[in-house]
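Notes for the structure review
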Amino acid sequence: MRRRPLSFLAALVLVAAAQPLMAWAQAPGPDDPLWSLQWAPQQINAPQAWEQATGAGQVVAVVDSGVDLDHPDLVGKIAGGATFVGCPDRENGCGDGDVDSGERRDGDGHPHGTHVAGIVAAVADNGVGVAGVAPDARILAVKSLNGDGEGSFEEVAAGVRWAAANGADVINLSLGALPGAQALTLLGDEDPLVAAIDGAIDAGVVVVAAAGNEFASICAEPAFASGALCVSATDRYENRAPFSNFPIDPDMHVVSAPGGSALLSCQDDIVSTVPEDRGDICTEIEGTPGYDFYAGTSMAAPHVAAVAALLTGFGLGNVDVVATLERTARTPVSGERGGYTPLYGFGIVDAAAAVADATGAEPTEDPTAEPTEEPTAEPTEDPTEEPSPRPTRAPREPPRGPRGR
């Protein structure tokens, strides 16, 4: 059994003393049995958006650690895939994007990418598991991270290039380099990943990237790349998550979305798909084989990528998609939309408001989807904690480049 980080283990011991779970009044939703645990789609008003858009006809590339292509909540949702772990120089890779594919094997494939894919587009109303935020979108499974959740800039760049050339409307990058790597962009060095992202954006693809989990005051590489939409994380109380990197520059494209807290109970984090044999502590506690609860900006980014897919379905280009997401995002407490703050960027993404903006319709107001307790403007947890959805492992020197967030 993989081990959770120490901070998460300690949190499990303290579950009984933790504050009670947020009581969300559920908006009408699908019949998926874990829907009642999916507080995140409620926070971004996804069910209200589904009245007008479900992502049908849109393709989201999950450039990550591969996807379990046989998962019952993802079967039929895969539009294609490629693997670049160990073979970034091959135009079409050396595998089909499955979690266990690739030439360089480092133990079992990492479940991170499968979790991200489920957040985006798990089948809804199938009586199984969870529902994705864009439940009718399809997934390009692109494996660029190995079984340890690590990959080189070249491997990730190859995945981005392949996704842009093979029908992706949106590319999700729930990965990033260690703190300080954003200096590559600041110094103007043309590293292959930044070049690949620029190429995807020039091709009209929306690129969404996780801000990072270092509680730093800047989006990490590749979210720092010009043109990418950086995503910070919120907890279920709409505080900025205690681990999340956050924006300092109002000229950057930064929004927020649910990412969990990793400090309280499993149900305070994000439940989504994982290979059935690779669940972790929360799978055992909650009795959910094939599903697990993760926290991180890795989980926030695919919520935004999925909402972006709802918008590309109306024919919006990538610049208009980002502008719409920023313009309609809301800041907790104040309720302001599209206003920049250093805690939330331009605000928490609001799927219903974004879709209404794209169609010229009035947004569907549903007060039952709001939290019953007023959130605070500052995180209440200890910001020195460094949670992660990755399993604990011995340090490796030197790091190889981007890692799953």
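The structure reproduced in this document is the subject of the present report.

Parameters at a glance
The residue count restarts for each chain, going from 1 along the sequence in the order it is written. Only residues with pLDDT of at least 70 get local features here, since the model is predicted, and only at 80 or more are side-chain atom pairs given and counted; chain-wide, interface and lining totals rely on the full set of residues. Where side-chain values are given, they derive from all heavy atoms of the structure, hydrogens and water being excluded. Counting from the N terminus, the helices are DSSP H or I runs at least four residues long and the strands are E runs at least two residues long. Relative accessible area decides the class of each residue, using a 1.4 Å probe on protein chains only: under 20% of the type maximum gives buried, over 50% gives exposed, and in between gives partly exposed. To be clear on the numbers: accessible area is Shrake-Rupley with a 1.4 Å probe, and residue cover counts the displayed protein chains and nothing else. Throughout, a contact is declared for two residues whenever any of their heavy atoms are within 4.5 Å. Each axis is a line fitted through C-alpha atoms, and for a helix only the stretch in contact is used; angles between axes span 0 to 180 degrees, taken between their N-to-C directions. Oblique is the label for any angle not covered by the other classes, which are roughly parallel (under 35 degrees), roughly antiparallel (over 145) and roughly perpendicular (65 to 115). For any helix crossing, the convention is left-handed if the near helix is rotated counterclockwise from the far helix by under a right angle, and right-handed if that rotation is clockwise. The definition used for a disulfide is geometric: two cysteine sulfur atoms within 2.5 Å. To pair, rings of Phe, Tyr and Trp, with the six-membered ring standing in for Trp, must have centres within 6.5 Å; the planes then decide the type, stacked if under 30 degrees apart, edge-to-face if over 60, and tilted in the middle. By this rule, a helix spans an expected 1.5 Å times one less than how many residues it contains. Two strands pair if DSSP finds at least two bridges between them. Take a side-chain nitrogen of Lys or Arg and a carboxyl oxygen of Asp or Glu: if they are within 4 Å of each other, that pair is a salt bridge.

**Digging into the overall build of the chain**
The number of helices and strands found in the chain is 11 helices and 11 strands. The buried share among the 405 residues of the chain stands at 62%. Accessible area for the chain stands at about 14,000 Å²; split by element, carbon and sulfur atoms hold 52% of it.

**Observations regarding unusual backbone geometry**
A cis amide bond links Glu221 with the next residue in sequence, Pro222, at an omega value of 10 degrees. Mapped onto the elements of the fold, Pro222 is located in the loop between strand E6 (206-210) and strand E7 (229-234). Even without a glycine there, the phi angle at Asn45 is positive, about 60 degrees. Checked against the element boundaries, Asn45 lands in the loop between helix H2 (39-43) and helix H3 (46-49). Residue Asn45 is classed as buried on the basis of its relative accessible area of 9%. With a phi close to 75 degrees, Val333 is a non-glycine residue in the positive phi region.

**Observations concerning helix H10 (residues 318-328)**
Those residues of H10 lying buried are Asn318, Val321, Val322, Thr324, Leu325, Glu326 and Thr328. Residues of H10 that are buried in the fold lie against helix H7 (192-202), E6, E7, strand E8 (254-258), helix H9 (297-312) and helix H11 (351-359).

**Focus: the packing of H10 against H11**
Between H10 and H11, the shortest axis-to-axis distance is 9 Å and the interhelical angle comes to 125 degrees. In terms of axis orientation, H10 runs oblique to H11. For the crossing formed where H10 meets H11, the hand is right-handed. Contacts between H10 and H11 involve Thr324, Leu325, Arg327 and Thr328 from the former and Ala353, Ala354 and Asp357 from the latter.

**What to know about the state of the cysteines**
Any covalent bond linking the sulfur atoms of two cysteines counts as a disulfide. Considering all chains together, one arrives at three disulfides under this definition. Covalently, Cys266 is tied to Cys282 through a disulfide, its sulfur atoms 2.2 Å apart. Here the S-S torsion is close to -90 degrees, and the disulfide linking Cys266 with Cys282 is therefore left-handed. Highlighted residues: Cys266 in the loop between E8 and strand E9 (270-273) and Cys282 in helix H8 (residues 281-286), separated in sequence by 16 residues. Cys282 carries the same exposure label as Cys266, and that label is buried. Along the chain, the cysteines that take part in disulfide bonds pair up as 1-2, 3-4, 5-6, counted in sequence order.

**Regarding the packing of aromatic side chains**
Throughout the structure, instances matching the rule amount to three aromatic pairs. Measuring from ring centre to ring centre gives 5.8 Å for Trp35 and Trp50, while their planes differ by 45 degrees; the resulting arrangement is tilted. Of the two residues, Trp35 sits in the loop between helix H1 (6-13) and H2 while Trp50 sits in the loop between H3 and strand E1 (59-64), which places them 15 residues apart along the sequence. For the pair Trp35 and Trp50, one class covers both residues: buried. Between the aromatic rings of Tyr340 and Phe346, the centroid separation amounts to 6.0 Å while the plane-to-plane angle is 65 degrees, which identifies the pairing as edge-to-face.

**Quick look at the side chain of Thr283**
Position of Thr283 among the secondary structure elements: in helix H8. Residue classification places Thr283 among the buried positions, given a relative accessible area of 10%.

**Re helix H5 (residues 153-165)**
When the terminal C-alpha atoms of H5 are compared, their 18 Å separation across 13 residues agrees well with the 18 Å that a helix rising 1.5 Å per residue should span. The set of residues buried in H5 consists of Phe153, Glu155, Val156, Ala157, Ala158, Gly159, Val160, Trp162 and Ala163. Count one or two residues on from H5 and you reach Gly167, which has phi positive near 95 degrees.

**Regarding the pairing of E6**
Burial within E6 is extensive, with five of its five residues counted as buried. Here E6 shows two buried faces, one formed by Val206, Val208 and Ala210 and the other by Val207 and Ala209. The sheet contact formed by E6 and E7 spans three bridges and is parallel. Its bridge partner being in E7, Ala209 is matched across the sheet by Cys230.

**What to know about the pattern of salt bridges**
A full pass over the atoms with the stated rule returns six salt bridges. Among the ionic pairs, Asp100 bridges to Arg278, the shortest N-O distance being 2.9 Å. Separated by 178 residues along the polypeptide, Asp100 in the loop between strand E2 (78-83) and helix H4 (112-121) and Arg278 in the loop between E9 and H8 bring together distant segments of the chain. Residue Asp268 pairs with Arg236 through a salt bridge whose shortest N-O separation is 3.5 Å. With Asp268 in the loop between E8 and E9 and Arg236 in the loop between E7 and E8, this pair connects stretches of sequence that are 32 residues apart. A relative accessible area of 3% means that Asp268 is categorised as buried. Under the relative-accessibility criterion, Arg236 is labelled buried at 7%. Residues joined in a network through salt bridges with shared partners are Asp100, Asp277 and Arg278.

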